[in-house]
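Listed below, chain by chain, are the residues.
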Amino acid sequence: MSERLAPLPRSAYAWHYDTAPQWNDCDIYGHVNNVAYLSYFDTAMNMALIEHGALDLSTEAEGPIGLVVQNGTQYFREITFPAKLGIGARVEAIGRTSLTWGFGLFDGAGGACAARGRVVHVYVDRVTRRPIPLTSELRACAEALLRDPATDNKETPS
């Protein structure tokens, strides 16, 4: 994430997840610690995958696993405890063996975008840890959540 991103409205995201910061998510300055944002994004990503039938957490699961190979966050405003949060998730790019995810973290009270995040997931064989093509379930999930970042500048930030 080398370019400076602008905050986006909720409508820029295909899927939404509500959460709240925990007391231990806060740092000594009283605001949600940066590492907690990545945790919120990771949870939203996995919940979206589960909801779309693309992630099996059972002990019998045999499909590929997703490894995070890149992540980053840009912050626009503080979040403090207590708060209600909304996480918007979308897929920004579909590769042969990878998905690029985009996230927005929204303050539930004011609705403003407080941060944007990005995660690149590469899917690998569980045993060899070598990249493998996306399964049909992963591809269907990705297509359902796909939003073209090139259209972002046509949105009005909230």
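The rules behind the values
Residues numbered from 1 in each chain as written. Predicted model: local features only at pLDDT ≥ 70, side-chain atom pairs only at ≥ 80, totals over all residues. Heavy atoms only, no water. Helix = DSSP H or I, 4+ residues; strand = E, 2+ residues; numbered from the N terminus. Buried < 20%, exposed > 50% of the residue type's maximum accessible area, 1.4 Å probe, protein only. Pairing = 2+ DSSP bridges. Axes fitted to C-alpha atoms, helices over the stretch in contact; angles between N-to-C directions. Contact = heavy atoms within 4.5 Å. Expected span 1.5 Å × (residues − 1). Core = buried A, V, L, I, M, F, W, Y, C linked by side-chain atoms within 4.5 Å. 1 Å grid on protein atoms, 1.4 Å probe; cavity = no way out; pocket = protein on both sides within 12 Å on 5 of 7 lines; lining within 4 Å. Points joined across faces, edges and corners; volume = space filled by probe spheres on them. Nonpolar A, V, L, I, M, F, W, Y, C, P; charged D, E, K, R; others polar.

A.B. asks: How do you make sense of unusual backbone geometry when you look at a structure like this?
C.D. replies: Note: most peptide bonds trans; most residues except glycine with negative phi. Of note, the amide linkage connecting phenylalanine 81 to proline 82 takes the cis form, showing an omega dihedral of -5°. Residue placement: proline 82 occurs in the loop between strand S2 (65-75) and strand S3 (85-94). Unusually for a residue other than glycine, arginine 129 sits at a positive phi of about 60°. Mapped onto the fold, arginine 129 is located in the loop between strand S5 (113-124) and helix H2 (136-145). Judged by its relative accessible area of 44%, arginine 129 falls in the partly exposed class.

A.B. asks: Even after reading the chapter, I still don't get the sheet that holds strand S1 (residues 15-19), so can you show me in this structure?
C.D. replies: Paired through their backbone hydrogen bonds, the strands of a sheet run either parallel or antiparallel. Read across the sheet, 5 strands follow the order S1-S3-S4-S5-S2 without closing on themselves; strand pairing throughout is antiparallel. In this open sheet, the two edge strands, each paired with only one partner strand, are S1 and S2. Between one strand axis and the next, the sheet turns by 25° as a mean value, whatever way the strands run. Here S2 pairs with S5 via 10 bridges, running antiparallel. Bridging across to S5, leucine 67 finds its partner in valine 122. Sitting on the sheet, helix H1 (residues 34-51) touches S1, S2, S3, strand S4 (98-107) and S5, and the angle it makes with S4 is about 120°. The strands touched by H2 within the sheet are S1, S3, S4 and S5, with S3 carrying the most contacts at an inclination of about 115°.

A.B. asks: What is the right way to read H1 from this model?
C.D. replies: For an α-helix, 3.6 residues make a turn, and residues three or four places apart therefore share a direction. A rise of 1.5 Å per residue sets the reference length of H1, with its 18 residues, at 26 Å; its end C-alpha atoms lie 26 Å apart and thus fit the reference within 8%. Those residues of H1 that sit buried are Ala36, Tyr37, Tyr40, Phe41, Ala44, Met45, Ala48 and Leu49. The inward-facing, buried residues of H1 contact S1, S2, S3, S4, S5 and H2.

A.B. asks: What exactly am I supposed to notice about the nonpolar core here?
C.D. replies: In terms of nonpolar packing, the biggest core is built from 30 residues, with Leu49, Trp101, Phe103 and Leu105 touching the most fellow members. Broken down by secondary-structure element, the contributors of at least two residues to this core are H1, S3, S4, S5 and H2. Per element, the largest residue contribution to this core is 8 residues, and it comes from H1. Setting aside anything within four residues of it in sequence, one finds phenylalanine 103 in contact with Tyr13, Phe41, Ala44, Met45, Ile87, Gly88, Ala89, Ala115, Arg116, Gly117 and Val119. Judged by nonpolar contacts, the second largest core, of 5 residues, contains Leu8, Tyr13, Phe106 and Cys113.

A.B. asks: Honestly, the layout of surface pockets in this entry has me stumped. Any pointers?
C.D. replies: Over the atoms rolls a probe the size of a water molecule, and in doing so it shows where empty space is left. One number sums up the size of the largest pocket: a volume of about 190 Å³. As for the largest pocket, its lining consists of 17 residues, of which Ala54, Leu55, Asp56, Gly63 and Pro64 are closest to the centre. Sorting the residues of the lining of the largest pocket by element identifies H1, S5 and H2 as the ones contributing at least two each. Residues of the lining of the largest pocket, tallied by class, amount to 7 nonpolar, 6 polar and 4 charged.

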